[in-house]
Structures are given as structure tokens and as C-alpha cells.
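Structure assessment
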Amino acid sequence: TVRVEGFTASGTWTAPSGVTRAKFTIVGGGGSGSSGDGAGGSGATVIASVAVTPTTAYSVTVGAGGSVNHAGSTSSVVIGATTYSAGGGGTGHSAGAGGTGGTAGANGDIKLDGRDGRRFTTNGHMQFETPAPIISHYGTGGYAAQSGSAVGAGIDGIVLVEWME
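My aim in this report is to walk through the structure given alongside it, one point at a time. Values in this document were obtained by computation on a predicted structure and should not be read as measured data.

1. Some remarks on the environment of Gly102
Relative to the helices and strands, Gly102 is located in the loop between β7 (82-86) and β8 (110-112). Residue class for Gly102 comes out buried when judged on its relative accessible area of 1%. When the C-alpha positions of Gly102 and Gly30 are compared, they lie 7.9 Å apart, and in sequence the two are 72 residues distant. Setting aside residues no more than four positions away along its own chain, Gly102 makes contact with Ser42, Gly43, Ala44, Gly87, Gly88, Gly89, Asp113 and Gly114.

Pasting the structure below:
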């Protein structure tokens, strides 16, 4: 049986008895939009299938989306001496340029940097690219945007843990 636990806030995941391997999908928080038409960058995504020790607790950090005019923060999981991390997206720029996408950490089986945010077009519609569609909740790292004079905050990251029992 496949089990999945999702973290929308930081905490710990304890490997169940008999579980020796788990897959972690780690998404950084999205950056916020700016007051100058720049959308925030999306958080990076890291997927890692790693050996775990049964009944051991592992630290999970979920990156927050950027508050208005701020970058998103990094999501991570620590397994022994190794940290698996997905950086948060950058905030949009007041000159209209989008924020940079978050940077995937050095560790993991699949490492996808976040996408850069785009600027609004003249008719008020934001242009952006979506992160890789292999992530089932690919918008979670998210884009932030401006609508008129209101600036959007970034979307919080997430960490998913999957294992077999």
C-alpha cells in the first residue's frame, strides 16, 4: 500500500516501522508580485528517493510564499547529514520584470529550478510559464501577480512524502 503525507507547515515526519525508503517532493514558496507589473517567480521543485531508518524522525521545513514585495522562502527535508532543498521564487521587480525562479538544491534525483515570473501585458493579463507538468500540484510554488494597484502574495510551498507499507 502506498502512503502519502503532505506538509503545508514545517514539522517532522517519522518513518513508520519497517519503512526503509521514502520519496520526498519538495516545492519552495512562490515570490510575490511587485507594484510595477512584475509577477513573482515560482519556487523550485526537488524530488528525492532516499533511504530512511524506521521510527526515525526527519525535519521538514515548508517555505512560505513571499508577502507583498518579498521573495518566497526555501522548503527542505534533512535526512541524516544531507539536506534536500527547493529555493523560493524571487519577487517581481518594480520596473516590470518578473522575479527569478527558485533554485533547486544540489541533492535529489530530479531538480527543477522554478520559472521566472513575467510582466503584465498592456491589456492587464499576466504572461508566465508553468513549471514542469510532472508535478501533480505544479502551481503550489506559485506565481504572484498584480491586478490594478493590488499586489499578490506568493503561494506557500509544500512537501509530500510517499512510502510503501
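2. A short note on the sheet that holds β8
A sheet is described by the order of its strands in space; here five strands give the open sequence β1-β11-β3-β4-β8, paired in antiparallel fashion. Of all strands in the sheet, those with a lone pairing partner are β1 (2-7) and β8, marking the two edges. If you compare each strand with its neighbour and ignore which way they point, the axes differ by 15 degrees on average. As paired strands, strand β3 (residues 21-27) and strand β4 (residues 45-51) are joined by seven bridges and run antiparallel to one another. Looking across to β4, one finds that Ala22 is bridged to Val50.

3. Considering the pattern of salt bridges
Summed over all chains, the structure comprises two salt bridges. Ionic pairing is found between Glu165 and Arg3, a salt bridge with its closest N-O pair at 3.2 Å. Residue Glu165 is found in the segment after β11 (158-164), and its partner Arg3 is found in strand β1; the two are separated by 162 residues along the sequence. The exposure class of Arg3 is partly exposed, given its relative accessible area of 37%. The salt bridge partner of Glu162 is Lys23, with a shortest N-O separation of 3.4 Å. You can see Glu162 sitting in strand β11 and its partner Lys23 sitting in strand β3, a full 139 residues away along the chain. Judged by its relative accessible area of 24%, Glu162 falls in the partly exposed class. On the basis of relative accessibility, which here comes to 32%, the residue Lys23 falls in the partly exposed class.

The rules behind these values
Residues numbered from 1 in each chain as written. Predicted model: local features only at pLDDT ≥ 70, side-chain atom pairs only at ≥ 80, totals over all residues. Heavy atoms only, no water. Helix = DSSP H or I, 4+ residues; strand = E, 2+ residues; numbered from the N terminus. Buried < 20%, exposed > 50% of the residue type's maximum accessible area, 1.4 Å probe, protein only. Contact = heavy atoms within 4.5 Å. Pairing = 2+ DSSP bridges. Axes fitted to C-alpha atoms, helices over the stretch in contact; angles between N-to-C directions. Salt bridge = Lys/Arg side-chain N within 4 Å of Asp/Glu carboxyl O.

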